Amino acid sequence: GVLLGIFAEHVATGYGFLSLSLITLVFYIVRIPSSLFGGFILDKLPRSTVLSVSFATTSVGLVSIGLYPNQLSLALGALALGFEASLVPVASMAIVGDAAKPERRHMALGAVYAWRDLGVALALIGGAAMRNAFGGIEQPFLIFGMAYGVCVILSLYLARTRGL
């Protein structure tokens, strides 16, 4: 939602179509290979580690855009979002596979997708609303960065309570 909403709008209006294309390319150059290798990574590392590192990287990337809104921080933010967008769904599916009983797994996977899609919609709408309310782009990126920081804490809590 962040990438589709305020991120893309900011790059397109502030830097033009070529910059939007190049920064979007960075996102997919990272996302595609890391999606393919996500399962391998999750076989080697604890699920909570992958989640917390993915969320922490994205948090830093978004906060850096909020503090230093330039093309370099936007590219680094796209890089971080690419890792997060590829590894978090794989980790979430692995957690469901580990934790849910086979007869309930389809409902657990459905719930994961429903919450994810709700998050995307809220990020799209919330980013635009925050941009309009604050009159700038920096504050929404800082707020989204802090939200990803909360996800880091929740991921670490998941590890402590579930041993994942």
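Everything numeric here is computed off the predicted structure, so don't read it as measured data.

Chemist: Looking at this structure, I do not really get the overall build of the protein. What am I missing?
Modeler: Looking only at helices and strands, the protein has six helices and zero strands in total. Computed over C-alpha atoms, the radius of gyration of the protein comes to 16 Å, within 12% of the 15 Å expected from 2.2 N^0.38 for 164 residues, which places it in the range of a compact globule. By principal-axis analysis of the C-alpha atoms, the protein measures approximately 50 × 30 × 25 Å. Taking as baseline every contact in the protein between residues at least 6 positions apart, the subset at least 24 positions apart corresponds to 75%. Within the structure as shown, the protein displays about 9,000 Å² of accessible surface, and the carbon and sulfur contribution to it stands at 71%. Positive and negative side-chain charges in the protein, numbering 10 and 7 respectively, have mean positions lying 9 Å apart.

Chemist: How should I be thinking about the side chain of Ser 52 in this particular structure?
Modeler: Considering the arrangement of structural elements, one finds Ser 52 in helix H3 (residues 47–67). For Ser 52, the residues in contact, after removing those within four places along its chain, are Val 152, Ser 155 and Leu 156.

Chemist: Sorry if this is basic, but what is going on with the side chain of Ser 73 here?
Modeler: Along the chain, Ser 73 turns up in helix H4 (residues 71–99). Judged by its relative accessible area of 5%, Ser 73 falls in the buried class. Not counting the four nearest positions on each side in its chain, Ser 73 is found in contact with Gly 61, Ser 64, Ile 65 and Tyr 68.

Chemist: Can you help me understand the packing of aromatic side chains in this one?
Modeler: Each aromatic ring pair is summarised here by two numbers: the centre-to-centre distance and the angle between the ring planes. Going through the model one piece at a time under the given rule, you end up with two aromatic pairs. With a centroid separation of 6.0 Å and an interplanar angle of 45 degrees, the aromatic rings of Phe 55 and Tyr 148 are classed as tilted. You can see Phe 55 sitting in helix H3 and its partner Tyr 148 sitting in helix H6 (residues 138–162), a full 93 residues away along the chain. The class for Phe 55 is buried, based on a relative accessible area of 11%.

Chemist: Which parts of the structure should I look at to understand the pattern of salt bridges?
Modeler: In this structure the tally under the stated criterion is two salt bridges. For Asp 98, the salt bridge goes to Arg 47, with nearest N and O atoms at 2.5 Å. Here Asp 98, found in helix H4, pairs with Arg 47, found in helix H3; they are 51 residues apart in sequence, far enough to count as distant. A relative accessible area of 44% places Asp 98 in the partly exposed class. Here Arg 116 makes a salt bridge to Asp 117, at a shortest N to O gap of 2.7 Å. For Arg 116, a relative accessible area of 40% translates into the label partly exposed. Look at Asp 117 and you get partly exposed, because its relative accessible area is 41%.

Chemist: What exactly am I supposed to notice about H4 here?
Modeler: In an α-helix, one turn spans 3.6 residues; hence positions three or four apart end up facing the same way. With 29 residues, H4 ought to run about 42 Å at 1.5 Å a step, and its terminal C-alpha atoms sit 41 Å apart, in line with that. Of the residues flanking the start of H4, the one acting as N-cap is Asn 70, its side-chain oxygen 3.1 Å from the backbone nitrogen of Leu 72.

Chemist: What exactly am I supposed to notice about the packing of helix H2 (residues 17–44) against H4 here?
Modeler: Helices that pack against each other are described as a pair by the angle of their axes relative to one another and the distance between those axes. One way to put it is that H2 packs onto H4 with a least axis distance of 8 Å and a crossing angle of 30 degrees. The orientation of H2 relative to H4 falls into the category roughly parallel. Handedness of the H2/H4 crossing: right-handed.

Chemist: Before we go on, may I ask you to explain the environment of Ala 123 in this structure?
Modeler: Mapped onto the elements, Ala 123 comes out in helix H5 (residues 105–134). Ala 123 sits in the buried class, given a relative accessible area of 11%. Between the alpha carbons of Ala 123 and Pro 140 there is a distance of 9.7 Å; along the sequence they are 17 residues apart.

Chemist: So what exactly am I meant to see when it comes to the environment of Gly 82 here?
Modeler: The residue Gly 82 is located in helix H4 in this model. The buried category is assigned to Gly 82, whose relative accessible area is 0%. Considering only alpha carbons, one finds Gly 82 and Ser 34, 48 residues apart in sequence, at a separation of 8.2 Å.

Scoring rules and cut-offs
Residues numbered from 1 in each chain as written. Predicted model: local features only at pLDDT ≥ 70, side-chain atom pairs only at ≥ 80, totals over all residues. Heavy atoms only, no water. Helix = DSSP H or I, 4+ residues; strand = E, 2+ residues; numbered from the N terminus. Rg over C-alpha atoms; globule rule 2.2 N^0.38 Å. Contact = heavy atoms within 4.5 Å. Areas by Shrake-Rupley, 256 points an atom, 1.4 Å probe, with all protein chains shown as cover. Lys, Arg positive; Asp, Glu negative; His and termini not counted. Charge placed at Lys NZ, Arg CZ, Asp CG, Glu CD. Buried < 20%, exposed > 50% of the residue type's maximum accessible area, 1.4 Å probe, protein only. Phe/Tyr/Trp six-rings, centres within 6.5 Å; stacked < 30°, edge-to-face > 60°. Salt bridge = Lys/Arg side-chain N within 4 Å of Asp/Glu carboxyl O. Expected span 1.5 Å × (residues − 1). Polar contact = N/O pair within 3.5 Å; in protein donor to acceptor, adjacent residues only side chain to side chain. Axes fitted to C-alpha atoms, helices over the stretch in contact; angles between N-to-C directions. Parallel < 35°, antiparallel > 145°, perpendicular 65-115°, else oblique. Left-handed = near helix turned anticlockwise from the far one by under 90°.

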